[in-house]
Every structure is written in structure tokens, then in C-alpha cells.
Amino acid sequence: MNFKLKVWRQKDAQSKGRLVEYEARDISPNASFLEMLDIVNERLLLRGDSPIAFDSDCREGICGTCALTINGEAHGSDHPGAVCELYMRKFQDGDTIIIEPFRVRSFPFVKDLVVDRSALDRIVQAGGFISARAGSAPEANSIHVPKHDADVAMEAAACIGCGACAAACPNASAMLFTAAKVSHLAFLPQGHPERTSRVLKMVSAMDAEGFGNCTNTYECEAVCPAEISASFIAKLNREYVRANWHRSASE
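Predicted model, so just to flag it, every value in this text is computed and none were measured. (Residues numbered from 1 in each chain as written. Predicted model: local features only at pLDDT ≥ 70, side-chain atom pairs only at ≥ 80, totals over all residues. Heavy atoms only, no water.)

### Points about the pairing of strand 5 (residues 96-101)
Moving on, step 1. Strand direction decides the pairing type here: strand 1 (residues 3-9) and strand 5, joined by four bridges, are parallel. Residue pairing across strands places V7 opposite I99, the latter belonging to strand 5.
Moving on, step 2. As paired strands, strand 3 (residues 68-70) and strand 5 are joined by three bridges and run antiparallel to one another. For T69, the partnering residue across the bridge sits in strand 5 and is E100. (Pairing = 2+ DSSP bridges. Helix = DSSP H or I, 4+ residues; strand = E, 2+ residues; numbered from the N terminus.)

Here it is in C-alpha cells:
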């Protein structure tokens, strides 16, 4: 298969960027999107040109490192799934593919297709630790968790922190990410000791990082590789109201 690529190239945050055209020829339909970029980079290096910078790690849709906007959609059009799970057979031979970085104000630009998404890490870090006994693992049935709560907590914990929700949101909101991180502990007994402080600190950190507010466009849910439901945003709002009430009552 042959493709025409229009790739965002930019040396650094201070330089002016632009879309540069490349030919991706003789690409196997079974190649992943990132493998296709690897092939293009190998050919660029053989010509003495600078390779295209992009992020990747596990290439299994687990780590959330790959963060690309493809033809205007976070992670491309083959939802649900991360860019590393996108295969070239999903495109038509001869297609023109536009590849850009995630464009979120809270994700500072680094180079080409690479952005700094450490703002998401700082939101998680703001939540702190859980008060759990260290040492050997407890017996599996010593802490009783209703199956429904365990299932919902597991669904929230599936978030891989890729940032696609913020990239797709017209307000660049990280509410879905924050909601997933708050909810998966809020549903479990182990997360209850810090339940109030956790949500207040994480929401405060999210606002401090400059993310926008949710206006229920559901673009986040549509592009999420882990299919995190937007209903968790409602859970986050309830947890935040509850925490504020407890804080006010204790003052």
C-alpha cells in the first residue's frame, strides 16, 4: 500500500512548525501505524534527513504513551484503540493521512509529534497514597467488596492516561481522566480513608494545570481507547460535592 503523509514537523516549542509531505510506499496492510512511521524514519535516515519524532513504548494499547492526532481525530478513526493498535489496512491505498500531535494547552510542545503530558501525572500525584498495611498480601476474601463495586472500579482503573480525552474535548478538559482516577479508588474500601482529600486535591491540581471544564460534548468518551464511560464524570462531581460538604462541616 502507498500513502501520502502530511506530518507536523517542528524543531522545538520556539520554532515555527508546518505540515511536511512524505511518501510512505510499499507498506504492508498488516503493519501498525507506528511501524509505518518506523519504516518512513528508516528511509529518512538513509537519505540523511532528520527522522520524525514521536512517542511510543508498549505498542500494545496499555501504556498510553502513543499520542497522535490522525486526520483530526485523537488516536485516529478506529475507535476504541490507541494509535499503536491502528493498522494500515484500516486506510485505503493512496490515502492522504494528516498526522499531528495532541493539541492541548496543558500539554507543552516538545518536538514534531511529541508533547509533554506530565500534567496528568501531577494530577495523580496530587491524590497522594492510600492508607494500606505494608507487608505480605492480605487474604483475598478478608476485605469484602460487592461485585458491582469491584466491576465499576475495574472499569475506571482501565484508564491508560493517554490524554486523548483532553485532546478531543473542545474545552481541553481532563475531567474524564481525573474522574477515572478518583472513581476507581472511591468505589473500594481501601480508598475510603483519603476519599475526601483525594478528590479535592486532584480537582485542584487539574484546574491548576489549565485544563478546561466539561460541557458534556462526550467527545472524550468517543475517543477513549479504554472505553471509559462519561458517567464517571458525574461520579467525580458527586464526590467533589460530598468532599466540599464534609470540609465545610468540619470547619
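That shown, we press on.
### Observations regarding helix 5 (residues 175-186)
Moving on, step 1. A rise of 1.5 Å per residue sets the reference length of helix 5, with its twelve residues, at 16 Å; its end C-alpha atoms lie 16 Å apart and thus fit the reference within 8%.
Moving on, step 2. Across the twelve residues that make up helix 5, a large majority, eleven, are buried.
Moving on, step 3. Looking at helix 5, one finds that the buried residues are M175, L176, F177, T178, A179, A180, K181, V182, S183, L185 and A186.
Moving on, step 4. In the core, the buried residues of helix 5 are packed alongside helix 2 (118-126), helix 3 (147-157), helix 4 (164-168), helix 6 (195-208), helix 7 (219-223) and helix 8 (231-250). (Expected span 1.5 Å × (residues − 1). Buried < 20%, exposed > 50% of the residue type's maximum accessible area, 1.4 Å probe, protein only. Contact = heavy atoms within 4.5 Å.)

### Digging into the packing of helix 6 against helix 8
Moving on, step 1. Helix 8 packs onto helix 6 with a crossing angle of 115° between their chain directions and a minimal axis gap of 9 Å. Looking at the two axes, helix 6 sits roughly perpendicular to helix 8. In this structure, the crossing between helix 6 and helix 8 has a hand that is left-handed. Contact with helix 6, carried on its side by R195, T196, V199, L200 and V203, involves K235, L236, E239, Y240, R242, A243, N244, H246 and R247 of helix 8 and no other residues of that element.
Moving on, step 2. In the contact of helix 6 with helix 8, the residues fall into six nonpolar, three polar and five charged. (Axes fitted to C-alpha atoms, helices over the stretch in contact; angles between N-to-C directions. Parallel < 35°, antiparallel > 145°, perpendicular 65-115°, else oblique. Left-handed = near helix turned anticlockwise from the far one by under 90°. Nonpolar A, V, L, I, M, F, W, Y, C, P; charged D, E, K, R; others polar.)

### What to know about the sheet that holds strand 3
Moving on, step 1. On the basis of which strands lie adjacent, the open sheet formed by five strands has the order 2-1-5-3-4 and mixed pairing. The open sheet is flanked by strand 2 (18-24) and strand 4 (73-74), the only strands paired with a single partner.

### Observations regarding the side chain of R9
Moving on, step 1. For R9, the position within the fold is in strand 1.
Moving on, step 2. Reaching out from R9, the side chain makes a polar contact with the side chain of D112 at a distance of 3.1 Å.
Moving on, step 3. Setting aside residues no more than four positions away along its own chain, R9 makes contact with G17, R18, V20, Y22, S50, P51, I52 and D112. (Polar contact = N/O pair within 3.5 Å; in protein donor to acceptor, adjacent residues only side chain to side chain.)

### Structural notes on the pattern of salt bridges
Moving on, step 1. For the coordinates displayed, the defined rule picks out eleven salt bridges.
Moving on, step 2. Salt-bridge contacts for D49 lead to R47; the nearest nitrogen and oxygen are separated by 2.9 Å.
Moving on, step 3. D49 sits in the partly exposed class, given a relative accessible area of 34%.
Moving on, step 4. Accessibility expressed as a relative area gives 59% for R47, which makes it exposed.
Moving on, step 5. What you see here is one network of salt bridges that share partners, running through R195, K235 and E239. (Salt bridge = Lys/Arg side-chain N within 4 Å of Asp/Glu carboxyl O.)

### Remarks on the packing of aromatic side chains
Moving on, step 1. Overall, the coordinates contain three aromatic pairs when judged by the stated rule.
Moving on, step 2. Ring centres of F3 and F91 lie 6.3 Å apart, and the angle between their planes is 75°; this geometry places the pair in the edge-to-face category. Pair noted here: F3 is in strand 1 and F91 is in the loop between strand 4 and strand 5, with a separation of 88 residues, a long-range link. A single burial state applies to F3 and to F91, both of which are buried.
Moving on, step 3. With centroids separated by 5.8 Å and ring planes inclined at 75°, the aromatic side chains of F107 and F211 adopt a geometry described as edge-to-face. Here the residue F107 occupies a position in the loop between strand 5 and strand 6 (109-111), and F211 occupies one in the loop between helix 6 and helix 7, the gap between them amounting to 104 residues.
Moving on, step 4. What makes F211 buried here is its relative accessible area of 6%.
Moving on, step 5. Through a chain of ring-to-ring contacts, the aromatic side chains of F3, F33 and F91 assemble into a single cluster.
Moving on, step 6. Geometry around W8 places R103 over its ring, the cationic atom sitting 4.4 Å from the centre. (Phe/Tyr/Trp six-rings, centres within 6.5 Å; stacked < 30°, edge-to-face > 60°. Lys NZ or Arg CZ within 6 Å of the ring centre and 35° of its normal.)

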